[in-house]
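Coordinate analysis (summary)
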Amino acid sequence: MNIVWDAEKYTKDFAFVHQYGDAVTDLIDCKPGAKVLDVGCGNGALSYKLQEKGFSVTGLDSSEDLLQIVWHNYPEVNFVKADAVSFSLDETFDAVFSNAVFHWIDAKDQDCLLKSIFKVLKPKGQLVFEMGGSGNNALIHRQLANIFTQKGYAYKNPFYFPSIGEYALRLEKCGFKVQFAVLFDRFTELKGKDGLSDWIRMFVKQPFEQISSLVEREEIIRTVLRNLEVKLYVNGKWHADYVRLRMKACKCVD
């Protein structure tokens, strides 16, 4: 994972991340009591939702700050600290679930992620997830790249946003059978009058690390907002041009 989270602000101002994930949980069609692993459980809200559905849930995340929140808020759910790319557990699961996590993992590590998941799934176990897909936040990243270039900095998008075909191939190479896949636009309202600037500060940290001046960082953000206002400031609210990839696959058995 390539981010250090501001856990309290993430939980307070970006609740839409897990709220949109509610619909993804509906793709899991296991019976009540089935064991489900929530990879990249974040603040634990969706792990708790899954437990309310009758599943036996384990949440997994690498962020100590986020886990402190979930251990406090959801003591009845089992949570473990581990890296999504290289985790290994002593138990197996009927389903693995993940929401808004896979795109944080570098392309070079995606196969390791899927292999780790494959190992903990029972035969015919389900993998259900949603992530940023091809074109996700393209307006925002394109504008950031333009401003960075104008100021003499390189802008590298810190996320991995694949197409359906690209990720289906990865899944199949790791032993999964794709059962469902959809790529869709989701123009998403952001919270508060500083919604987009807060979003950039929360989710696009890596490219700004090369810029030592906080004044220059804020100048870049203000310029981006001015240039995107026509397209992303709608009815008095800031929005983000999300594109989501939602998929379901099962572990193949010989």
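In what follows, the accompanying structure is described.

What the chain contains, in helices and strands, is 9 helices and 8 strands. For the chain, the C-alpha radius of gyration of 19 Å lies close to 18 Å, the compact-globule estimate for 254 residues. Each principal axis of the C-alpha distribution contributes one length, and for the chain these read about 55 × 40 × 35 Å. Of all intrachain contacts in the chain linking residues separated by at least 6 positions in sequence, the fraction that spans at least 24 positions is 79%. For the chain, the exposed surface amounts to about 11900 Å²; the carbon and sulfur share of it is 49%. For the chain, the distance from the average site of its 32 positive side-chain charges to the average site of its 33 negative ones is 3 Å.

Evaluated as defined, the whole model comprises 14 salt bridges. Here K53 makes a salt bridge to D26, at a shortest N to O gap of 3.0 Å. Of this pair, K53 sits in the loop between α3 (45-52) and β2 (56-61) while D26 sits in the loop between α2 (16-25) and β1 (35-39), and the two are 27 residues apart along the sequence. With a shortest N-O distance of 3.1 Å, K193 and D194 are connected by a salt bridge. D194 sits in the partly exposed class, given a relative accessible area of 36%. Via salt bridges that share partners, E130, R186, R244 and R246 belong to a single interconnected network.

On to the side chain of Q110. Considering the arrangement of structural elements, one finds Q110 in helix α5 (residues 110-120). Of the polar contacts made by the side chain of Q110, one reaches the side chain of Y167; its length is 2.6 Å.

F102, I117, L127, Y167, L171 and F176 are the most contacted members of the largest nonpolar core, which has 30 residues in total. Among the secondary structure elements, those contributing two or more residues to this core are β1, β4 (93-99), α5, β5 (121-132), α7 (164-173) and β8 (237-251). The element contributing the most residues to this core is α5, with 5 residues. Apart from residues lying up to four places away in sequence, L171 is in contact with L114, L127, F129, F176, V178, M247 and A249. Judged by nonpolar contacts, the second largest core, of 26 residues, contains L196, I200, V204 and A240.

A few words now on helix α6 (residues 138-150). Relative to the 18 Å expected for 13 residues at 1.5 Å per residue, α6 spans 18 Å between its end C-alpha atoms, a close match to the ideal helical length. For α6, the secondary structure elements touched by its buried residues are α8 (195-203), α9 (214-232) and β8. G152 lies just past α6 and shows a positive phi near 85°.

Quick look at the pairing of β8 now. Of all 15 residues in β8, 14 are buried, a share of seventy percent or more. Taken together, the 7 bridges between β5 and β8 define a ladder with antiparallel strand orientation. Bridge assignment links Q126 to a residue of β8, and that residue is C250. Note that strand β6 (residues 176-189) and β8 share 13 bridges and pair antiparallel. Across the sheet, residue A181 finds its bridge partner in β8, namely M247. One ladder, built from 2 bridges, connects strand β7 (residues 233-234) with β8; its direction is antiparallel. Within β8, the residue paired with Y233 across the bridge is W238.

Attention now goes to the pairing of β1. Side-chain positions along a regular strand alternate between the two faces of the sheet. Buried residues dominate β1, accounting for 4 of its 5 residues. With α3 bridging β1 and its parallel neighbour β2, the resulting β-α-β unit is right-handed.

Quick look at the side chain of E216 now. Looking at the element boundaries, E216 is found in helix α9. Of the side chains with opposite charge, K151 lies nearest to the buried E216, which makes no salt bridge, at 4.5 Å. With near-sequence residues (within four places) excluded, E216 lies in contact with K151, Y153 and I211.

Before going further, it helps to spend a moment on unusual backbone geometry. With a phi angle near 55°, A100 is a residue other than glycine that sits in the positive phi range. For A100, the position within the fold is in the loop between β4 and α5. Judged by relative accessible area, which is 15%, A100 ranks as buried. Unusually for a residue other than glycine, N137 sits at a positive phi of about 50°. Structurally, the position occupied by N137 is in the loop between β5 and α6. Residue classification places N137 among the buried residues on the basis of a relative accessible area of 2%.

Cut-offs and rules
- Residues numbered from 1 in each chain as written.
- Predicted model: local features only at pLDDT ≥ 70, side-chain atom pairs only at ≥ 80, totals over all residues.
- Heavy atoms only, no water.
- Helix = DSSP H or I, 4+ residues; strand = E, 2+ residues; numbered from the N terminus.
- Rg over C-alpha atoms; globule rule 2.2 N^0.38 Å.
- Contact = heavy atoms within 4.5 Å.
- Areas by Shrake-Rupley, 256 points an atom, 1.4 Å probe, with all protein chains shown as cover.
- Lys, Arg positive; Asp, Glu negative; His and termini not counted.
- Charge placed at Lys NZ, Arg CZ, Asp CG, Glu CD.
- Salt bridge = Lys/Arg side-chain N within 4 Å of Asp/Glu carboxyl O.
- Buried < 20%, exposed > 50% of the residue type's maximum accessible area, 1.4 Å probe, protein only.
- Polar contact = N/O pair within 3.5 Å; in protein donor to acceptor, adjacent residues only side chain to side chain.
- Core = buried A, V, L, I, M, F, W, Y, C linked by side-chain atoms within 4.5 Å.
- Expected span 1.5 Å × (residues − 1).
- Pairing = 2+ DSSP bridges.
- Right-handed = clockwise from strand over helix to strand, strands pointing away.

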